[in-house]
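# Structural overview for review
As a plain string of letters, each chain reads:
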There are 4 protein chains.
Amino acid sequence: MTAGTEPVYDVAHLGRVELHTPDIEATRSFFVDVLGLDEVERLGDSIFLRAWGDYERASLQLTPSDRPGLGTTSWRASSADALERRVAAIEASGLGLGWEDGVAGHGRTYAFADPDGHRMAIYYESEYFVPDGADTPTLKNQPQRMATRGAAVRRLDHVNVWCRDIDENTDYMTSTLGFRISEQVLDDDGKRIGAWLHVTPKSYDLAYGRTDPAGVGGRLHHIAFAVDAREYVLRAADVFLDAGVKIEAGPAKHAVQQTFFLYAFEPAGNRIEVITDGRLILAPDWQPVTWTLAERQRGQAWGTAMPDSWFTYATPPADGGATS
Amino acid sequence: MTAGTEPVYDVAHLGRVELHTPDIEATRSFFVDVLGLDEVERLGDSIFLRAWGDYERASLQLTPSDRPGLGTTSWRASSADALERRVAAIEASGLGLGWEDGVAGHGRTYAFADPDGHRMAIYYESEYFVPDGADTPTLKNQPQRMATRGAAVRRLDHVNVWCRDIDENTDYMTSTLGFRISEQVLDDDGKRIGAWLHVTPKSYDLAYGRTDPAGVGGRLHHIAFAVDAREYVLRAADVFLDAGVKIEAGPAKHAVQQTFFLYAFEPAGNRIEVITDGRLILAPDWQPVTWTLAERQRGQAWGTAMPDSWFTYATPPADGGATS
Amino acid sequence: MTAGTEPVYDVAHLGRVELHTPDIEATRSFFVDVLGLDEVERLGDSIFLRAWGDYERASLQLTPSDRPGLGTTSWRASSADALERRVAAIEASGLGLGWEDGVAGHGRTYAFADPDGHRMAIYYESEYFVPDGADTPTLKNQPQRMATRGAAVRRLDHVNVWCRDIDENTDYMTSTLGFRISEQVLDDDGKRIGAWLHVTPKSYDLAYGRTDPAGVGGRLHHIAFAVDAREYVLRAADVFLDAGVKIEAGPAKHAVQQTFFLYAFEPAGNRIEVITDGRLILAPDWQPVTWTLAERQRGQAWGTAMPDSWFTYATPPADGGATS
Amino acid sequence: MTAGTEPVYDVAHLGRVELHTPDIEATRSFFVDVLGLDEVERLGDSIFLRAWGDYERASLQLTPSDRPGLGTTSWRASSADALERRVAAIEASGLGLGWEDGVAGHGRTYAFADPDGHRMAIYYESEYFVPDGADTPTLKNQPQRMATRGAAVRRLDHVNVWCRDIDENTDYMTSTLGFRISEQVLDDDGKRIGAWLHVTPKSYDLAYGRTDPAGVGGRLHHIAFAVDAREYVLRAADVFLDAGVKIEAGPAKHAVQQTFFLYAFEPAGNRIEVITDGRLILAPDWQPVTWTLAERQRGQAWGTAMPDSWFTYATPPADGGATS
């Protein structure tokens, strides 16, 4: 029996992720030819893409940069009023960066940063993707035809970033944006060293996966795209194998969240995950599942040990280093 | 680009379904031995069960009755305040039935009916299932060990009922409870003859599946339990085959909602669906997908024709008739 | 406990099927774009194709013709001596058609007909497919890279033909070629009205699926291509749906053989099956599973009723009729 | 284009494996409760079991012993004459051990050893399993009802043993019994350090997986049971997880043979694999796929590194050691 508190549902879902890449055409080729996304448009230096199940115009933005890493992570608000409420809270927090014109289908957008410096944005108005010609699906209740190219991932799923102080960042996202914590790892002092946050009943939409061992701010561990079943994560590994894409880890099952994962690197060095979600968290009063450090040292669900790179490599690399 | 309206998130999810059965032990045996649920407790004449992935104490209540059919469908509110808000709205509608003591883990509960007479209830306080002994899972982020018995369904998914006036019932559930319509079928006059409603990002939690052809009130088409992937719906059909359970339709893919389905009857005649969900609706401003009558006459997604019984049989039977 | 008889293993497997088509480019497009085969070469008027898991140079030959239907079905012998033995047996049967030069990778080939007039051939020498460039797989133990285009079927599986007298044809293939019967359907007089034959431990390589209701000789019911798991048969149905390919039946599970099936028509009207095999028959003294007519009238494994066309349409059509 | 040689098809398939166990009831419980086999009978000190898809009376024999390890591996001949031919060849080899009465459904049986000392036997006469009561399947073309208990493996698949000289043992099994080599690993001197042999079109039925690093004779690496699809190997891992069974490696995809694997230990220390087969080898003139030592050091198909125990531990343990 749990006490009632009033959840905030002002953030609807993750809407778009921007990746920085020193080799935009190679990165684009990975997303299009290997993962199966479609290019939607080019604006300025950026290329916009989407997975076949994403309902909005574009869910991935590739932007040229000297180094790989994460650009802006954009969240869609639940309503115009919800947007105003969250912007007010962000401004009150002192981490607001101001209003911007949205691009590639987004209406007006408010930019901000989390305490660790990951640039984020929130918007409400959004263009839905409108298929035409060969993209038009036979069934009208899907955004476009099912992709068959490469791993044919269905939709953008989540972002996993590292930060220097997970408690500070988690508190910010929960109190200011209304994120809820589904699972967390605590060190022996009770400090969070990993936290998974969600705004949808998917069990996470944003993860602060690890306290950055290099003490660098604003780094990316990975972005994830979802497929419908574990078999399609296995199929993605088969696709990666023949495409010459180096697999970092998996397919295997996470202990935390029980998602079924596959990790690899796009050509510019950003880590990509193909995932299928384990479960929905429908309970409105869900209490975070808490793992101790000792519990987490037992490996993934089936005992799978992760390679060192998974614990040490994020983008941009702390030392300009390679992925392995 | 859509105009902003403020969604209501006061109903969190479907929490429990009560089934009426003239042969409670046979019905129990179907749910336990064939579907793989666990019996949790017996109170009064009722037997309470749960699927291994349901987080609450009990998600299914079997109650003896002269005829098969639906008892009370219970929805969990998002907070104690949300419960009060919805009860106020229900009372204002004139369809409230009053407060009751909750049973089998539910706190105080407010009962009501939809306009067609389906008895429903809303509650907030709820006991989580606490596993012990052989039920305790190895991973602490699931409610109990994964079931392996029979079809081993994971969780209660949705309820599909018939009613005499779908517009009237849909309007009630949306305006009074905050349900949203994800898909609908309109006849040539623009009147709804099928509507799928949701409170979670699952694309439906409640369906008014068909205008009751017999003009009877309060009838049940089916209740549904979810498994993780299409392969497990196929496996459920294999389990049904060897268990001597008559399959009414499927496994196949719905056109509406694209869920992958299998229909059969429990021994007392209530229709049961095993399902895997097709997709999440994360858009806060989703506009209902509207199908015309002509479109729906094309059969299910892959052209599968449903048997007559699927269009004519609900519980309690209109004429005391059998399932086929 | 069964008496020992000496099986003959002179036929190794189905090697190639030739299809007649009045619209070869449309038929080719179906096999390449929808099923995912590759075009290997063109010789004379014919186009040769292969599935990614077929080890020989070409497993499918498309040949222009006024009407759809089956050309030559070619079986690979187990050795050069085995070829000579089978040719001697065929010549003794009086149904031999003589030696021919093999095409598209086949060495010398002996042509014959079954009693119903289906043209067949047997050969031993065969070129293995040699991938180069973008076809070269990462793992050397597969013939080429895994296909990802369309349904991406893995290999040619079997041929199902109709004939006027199934006993006569079955006896011929067993006594002359060494085929074994895995399952059969008998009418009330004990006469076969369906028979499934195999030379590999796959439970069938050739089926005399039905006594031709039109009394026509040499007709084709379908050719089948295999995928690795039931999920990929479902995925093939999804691919067909968006490609506008009419599905005749399935996906569902056969009662006979328990294979998981999907039937559709290529543009020229030949019926194609996508299948995943249910089981291996490793027993050397396997006795045919015999179904009565009454048993077969119960539908497929899960009760699925097949459409009329499946029982009445073969190619070439008896009356020039359409597929439905 | 390959030269014709005459293959020998006198061995039909692997029929039974005998495991030694110091704790027969614990071992039995693993096979029954976790893997899902059925106990068939007890004779003398032994317990006989079978998987639901095995057509013979019993495919696994558990026998008490001081140490874990492999007892007799039994192969079914293709005919009574084939049995005589192979016994003559074995006797000529000098490794024959003589005729025995078969047990638990096997007729007269000839025992022998491979050069490394693994005890084997060959038989032809065999009782088919006859289901009764709750075991009788709805479809008559399967041996019994589909199991649903635990991992519910379908059939015995293969045996993988270590030996001191793989060339010697491989030559013996090919020349004396008619096994064929599908894949092999050669060291830099061209000597085999791994070989996979088959008598069925499954790509292996017997593996000499590694030159025994401890120089001990007659040791077992693992026995394997097959399931129908990769998803069921994943499900087996989930079952192992909740049953407290330590997973040694996998689920993952082998590079050699491309089978999808999961390794664990039964309570007495014998290694068990749950597997789904990657492909059939239908070519009668298949030339072994040869891997170099360097190629094999790249890990499994997707880069998975195997734990040390997988390369060093066999039963009986060389030093009485534990599994890890």
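What you see is a predicted model; the values in this text were computed from it and never measured.

## Let's talk about the overall build of chain A
A count of helical and extended segments in chain A gives six helices and 17 strands. For a compact globule of 324 residues, the expected C-alpha radius of gyration is about 20 Å, and chain A comes in at 19 Å, within 12% of that figure. Taking the principal axes of its C-alpha atoms as reference, chain A extends roughly 55 × 45 × 40 Å. Put simply, 67% of the contacts in chain A that link residues at least 6 apart link residues at least 24 apart. Counting every atom, chain A has about 10600 Å² of accessible surface; 48% of that belongs to carbon and sulfur. Averaged over its 31 positive side-chain charges, chain A has a centre that lies 4 Å from the centre of its 47 negative ones.

## Overview of the relation of the copies chain A and chain B
Mapping one chain copy onto the other needs a rotation about an axis and a shift along that axis. With an RMSD of 0.0 Å, chain A superimposes on chain B once it is rotated by 180° and translated 0.0 Å along the axis. What we have between these two chains is a two-fold relation. No C-alpha of chain A approaches the rotation axis more nearly than that of A:Ala229, which lies at 2.9 Å. The overlap is high: 100% of the interface residues of chain A also sit at the interface in chain B, so the same surface is used on both sides.

## Remarks on the nonpolar core
Counting residues in hydrophobic clusters, the biggest one holds 328 residues, and the most contacted among them are A:Phe31, B:Phe31, C:Phe31 and D:Phe31. With near-sequence residues (within four places) excluded, C:Phe31 lies in contact with C:Leu19, C:Gly36, C:Leu37, C:Leu49, C:Leu60, C:Leu62, C:Ile223, C:Phe225, C:Glu266 and C:Ile272.

## What to know about the packing of helix α2 (residues 80-93) of chain D against helix α3 (residues 166-177) of chain D
Residues and elements named next belong to chain D. At a minimum axis separation of 9 Å, α2 and α3 run at an interaxial angle of 135°. It follows that α2 is oblique to α3 by the angle criterion. Contact residues: α2 offers Arg86, Ala89, Ile90 and Ser93, while α3 offers Tyr172, Ser175, Thr176 and Leu177. When grouped by side-chain class, the residues that make up the contact of α2 with α3 number four nonpolar, three polar and one charged.

## A short note on the packing of aromatic side chains
Under the counting rule described, the total for this entry stands at 48 aromatic pairs over all chains. Measuring from centroid to centroid gives 5.4 Å for B:Phe30 and B:Phe31, while their planes differ by 80°, and the two rings are edge-to-face. Across the pair, B:Phe31 and B:Phe30 agree in class, each one buried. Among the aromatic residues, those joined into a cluster by ring pairs are A:Phe30, A:Phe31, A:Phe225 and A:Phe240. The ring of B:Phe129 carries the charged tip of B:Arg50 above its face, separated from the ring centre by 3.7 Å.

## Let's talk about the interface of chain A and chain B
The interface of chain A with chain B comprises 55 residues on the first partner and 56 residues on the second. Buried surface at the junction of chain A and chain B, both sides included, amounts to about 4200 Å², of which 56% is carbon and sulfur. For the pair chain A and chain B, the number of links is four salt bridges. Its salt-bridge partner being A:Asp285, residue B:Arg76 comes within 2.6 Å of it at the nearest N-O pair. The tally of links between chain A and chain B comes to 18 residue pairs in polar contact (both at pLDDT 80 or more). Elements represented by at least two residues in the side of chain A that touches chain B include exactly β1 (11-21), β5 (69-77), α2 (80-93), α4 (230-243) and β17 (289-292) of chain A. Counting residues per element, the side of chain A that touches chain B draws most heavily on α2(A), at four residues. For the side of chain A that touches chain B, the per-class residue count stands at 25 nonpolar, 14 polar and 16 charged.

## A word on the interface of chain B and chain D
Taken together, the contact pairs 16 residues of chain B with 16 residues of chain D. Viewed at the interface, chain D and chain B are joined by zero salt bridges. Across the contact surface, chain B and chain D share eleven residue pairs in polar contact (both at pLDDT 80 or more). Here the residues of the side of chain B that touches chain D are counted per class, giving seven nonpolar, four polar and five charged.

## Topic: the relation of the copies chain B and chain D
Here chain B sits on chain D after a turn of 180° about the axis and a move of 0.0 Å along it, with an RMSD of 0.0 Å. A high fraction, 100%, of the interface residues of chain B reappear at the interface in chain D, so the copies pair face to face through one surface.

## Let's talk about helix α1 (residues 24-34) of chain A
Those residues of α1(A) that sit buried are A:Ile24, A:Thr27, A:Phe30, A:Phe31, A:Val32 and A:Val34. Just downstream of α1(A), A:Gly36 is the residue with a positive phi angle, here 90°.

## Details of helix α4 (residues 230-243) of chain B
Residues and elements named next belong to chain B. With 14 residues, α4 should reach 20 Å at 1.5 Å per residue; the first-to-last C-alpha distance of 20 Å fits that figure. Most of α4 sits out of view: 13 of its 14 residues are buried. Immediately beyond the C-terminal end of α4, within one or two residues, lies Gly244, with a positive phi of roughly 75°.

## Points about the pairing of strand β5 (residues 69-77) of chain C
Residues and elements named next belong to chain C. Within β5, nine of the nine residues are buried, which leaves the element mostly enclosed by the surrounding structure. Here strand β1 (residues 11-21) runs beside β5; their pairing, made up of seven bridges, is antiparallel. Along β5, the bridge assignment pairs Val11 with Ala77. Where β5 and strand β8 (residues 119-123) come together, four bridges link them in parallel fashion. Across the sheet, the residue bridging to Thr73 is Met120, located in β8.

## Some words on the sheet that holds strand β3 (residues 46-50) of chain B
All names here are of chain B. An order of β2-β3-β4-β1-β5-β8-β7-β6 is seen for the eight strands of this open sheet, with the pairing classed as mixed. The outermost strands of the open sheet, each flanked by one partner alone, are β2 (38-43) and β6 (96-100). Taking each pair of neighbouring strands and ignoring which way they run, the sheet shows an average axis angle of 25°. Relative to strand β4 (residues 60-64), β3 is paired through three bridges, and the arrangement is antiparallel.

Calculation notes
- Residues numbered from 1 in each chain as written.
- Chains lettered and ligands numbered in written order.
- Predicted model: local features only at pLDDT ≥ 70, side-chain atom pairs only at ≥ 80, totals over all residues.
- Heavy atoms only, no water.
- Helix = DSSP H or I, 4+ residues; strand = E, 2+ residues; numbered from the N terminus.
- Rg over C-alpha atoms; globule rule 2.2 N^0.38 Å.
- Contact = heavy atoms within 4.5 Å.
- Areas by Shrake-Rupley, 256 points an atom, 1.4 Å probe, with all protein chains shown as cover.
- Lys, Arg positive; Asp, Glu negative; His and termini not counted.
- Charge placed at Lys NZ, Arg CZ, Asp CG, Glu CD.
- Least-squares fit on C-alpha atoms with pLDDT ≥ 70 in both.
- Core = buried A, V, L, I, M, F, W, Y, C linked by side-chain atoms within 4.5 Å.
- Buried < 20%, exposed > 50% of the residue type's maximum accessible area, 1.4 Å probe, protein only.
- Axes fitted to C-alpha atoms, helices over the stretch in contact; angles between N-to-C directions.
- Parallel < 35°, antiparallel > 145°, perpendicular 65-115°, else oblique.
- Nonpolar A, V, L, I, M, F, W, Y, C, P; charged D, E, K, R; others polar.
- Phe/Tyr/Trp six-rings, centres within 6.5 Å; stacked < 30°, edge-to-face > 60°.
- Lys NZ or Arg CZ within 6 Å of the ring centre and 35° of its normal.
- Buried area = accessible area lost by both parts, 1.4 Å probe.
- Salt bridge = Lys/Arg side-chain N within 4 Å of Asp/Glu carboxyl O.
- Polar contact = N/O pair within 3.5 Å; in protein donor to acceptor, adjacent residues only side chain to side chain.
- Expected span 1.5 Å × (residues − 1).
- Pairing = 2+ DSSP bridges.

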